[in-house]
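# Coordinate inspection notes
What follows is each chain in one-letter form.
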Amino acid sequence: MSEMNEKKTDHHLDVVQKVFSDHSRSWENYTYVYPVISRRSGGMSVGINLNVNNACNFDCIYCCVDRSTEPEVKKVDLTVVRHELDSLLGEIVSGKIWEHEKFIDVPDSLRRVNDIAFSGNGEPTTYSGFGEAVRMVIELKTKHQLDDSKIVLITNATVLGRDGVIEAIDEMMAHEGEIWAKLDAGTEAYFQLVDRTRVPFEKVLKNIESIAEMHDVVIQTMLMKVLDQPMPASEFDAYIDRLDDIIRNGGSIKGVQLYSVARQTAEDYVQPVSDEQLDNFAAKLNERLPNLPVDVFYGVSN
Ligand code: SF4
């Protein structure tokens, strides 16, 4: 490789790194909708925050949501969500967004809408208008001819059994939907240590299993150091057992995403694990469940 090509490649890597490291969920004067370039998605992910009041039924020790200040808007106004999403998708499809200083350096390969994601400051399915929001996203995705773009639901799987939630997920799945369900532990004790909730671990597992019996599910797992200790080997074994249980009981796990901390965390005793540790976890998972695709995301959280 010539020196000039090497320099060009280095520059390209710097640009891509800068683009991926911008995790900001704010965009113009919008309240609910935000664009991010996502490494996990390999393109633009349009986020929708249906939890503007910052309330969540989990209190994860690694959560990056800043709950120290009162949010200005606390209720969801779907008319405004629709307006913001329609307008942002219009800017993306027309190409205008790539002229914005935040995205001007985005390489051509990432200039695509990978997904529209329900990914906010809490659990999206706890919002009472979740079904209506899903239908609105389907309508606007169709209007902007984003047929190949996915609709992603990032969920902690706590309230999937609530009225209307499964029906909304069914509709989403019929329009390039993808479910990313959080599973951070293998036992109730570790689950409570990292996710801190009144919802029992058993209920979350049951919900993941039920939805995985109906649709392919992607499992998202945060691996971190808690008080300087990565997840113990026995806990990771138990976590693999839980995945195995879901599969053996007829659930379909499309893949597992392993990642670590890349933003501020709710607790300062939470630190990222090293890339090598992530690789070791992935290798162990591969060894025990060789048919399960595993993606490792190093040093990024979007
Ligand atoms: S589920 Fe998500 S939003 Fe809720 S506390 Fe955990 S990381 Fe934060």
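In what follows, the structure referred to is the one given above.
Here is a short report on the structure shown in this document. Residue numbers restart at each chain and count upward from 1, following the sequence in its written direction. Where totals are concerned, whole chains, interfaces and linings use all residues; where local detail is concerned, this predicted model gives features only for residues with pLDDT of at least 70, and gives and counts side-chain atom pairs only at 80 or more. Side-chain numbers come from the whole structure's heavy atoms, not from hydrogens or water.

## Concerning the overall build of the protein chain
Secondary structure counts use DSSP, requiring at least four H or I residues in a row for a helix and at least two E residues in a row for a strand, with both numbered from the N terminus. A count of helices and strands for the protein chain gives 8 helices and 10 strands. Values of the radius of gyration come from C-alpha atoms, whereas the globule rule sets the reference at 2.2 Å times the count of residues to the power 0.38. Expected size for 302 residues packed as a compact globule is a radius of gyration near 19 Å; at 19 Å, the protein chain falls within 12% of this value. When its C-alpha atoms are laid out on the principal axes, the protein chain stretches across 55 × 50 × 40 Å. Put simply, 76% of the contacts in the protein chain that link residues at least 6 apart link residues at least 24 apart. Looking at the protein chain, you have 31 positive and 50 negative side-chain charges, and the mean spots of the two groups are 2 Å apart. Here, residues are in contact when the closest pair of their heavy atoms is within 4.5 Å. Positive charge is attributed to Lys and Arg, negative charge to Asp and Glu, and no charge count is given to His or to the chain ends. Working definition for charges: the position is that of NZ of Lys, CZ of Arg, CG of Asp or CD of Glu.

## Some remarks on the layout of surface pockets
Each cavity reported here is a set of points on a 1 Å grid over the protein atoms alone in which a 1.4 Å probe fits but cannot get out, each pocket an open set with protein on both sides within 12 Å along at least five of seven lines, and each lining residue one with an atom within 4 Å of a point. Grid points are joined across faces, edges and corners, and a volume is the space filled by probe spheres set on the points. Roughly 170 Å³ of volume is contained in the second largest pocket. Secondary-structure elements contributing two or more residues to the lining of the second largest pocket are strand 3 (113–118), strand 5 (177–182), strand 8 (253–259) and strand 10 (294–297). Sort the elements by how many residues they give to the lining of the second largest pocket and strand 8 lands first, with 4 residues. Classification convention: Asp, Glu, Lys, Arg as charged; Ala, Val, Leu, Ile, Met, Phe, Trp, Tyr, Cys, Pro as nonpolar; all other residues, Gly among them, as polar. Of the residues that constitute the lining of the second largest pocket, the class distribution is 6 nonpolar, 4 polar and 6 charged.

## What about the site of the ligand?
A single heavy atom is enough: if one lies within 4 Å of a molecule or strand, its residue is considered near that molecule or strand. The environment of the ligand is made up of C56, F58, D59, C60, Y62, C63, R67, N121, G122, N156 and K182. In terms of residue class, the shell around the ligand is built from 5 nonpolar, 3 polar and 3 charged.

## A look at the packing of aromatic side chains
For Phe, Tyr and Trp, where Trp contributes only its six-membered ring, two rings pair if their centres lie within 6.5 Å, and the inter-plane angle classes them as stacked under 30 degrees, edge-to-face over 60, or tilted in between. This model, assessed by the stated rule, comprises 6 aromatic pairs. Judged by centre distance (5.3 Å) and plane angle (65 degrees), the ring pair of F118 and F130 falls under edge-to-face. One end of the pair, F118, is in strand 3; the other, F130, is in helix 3 (residues 130–143), and 12 residues separate them in sequence. Burial classification: accessible surface area is computed with a 1.4 Å probe over protein chains only, and a residue below 20% of its type maximum counts as buried, one above 50% as exposed, and the rest as partly exposed. What makes F118 buried here is its relative accessible area of 1%. Through a chain of ring-to-ring contacts, three or more aromatic side chains come together here, namely F58, F191 and F201.

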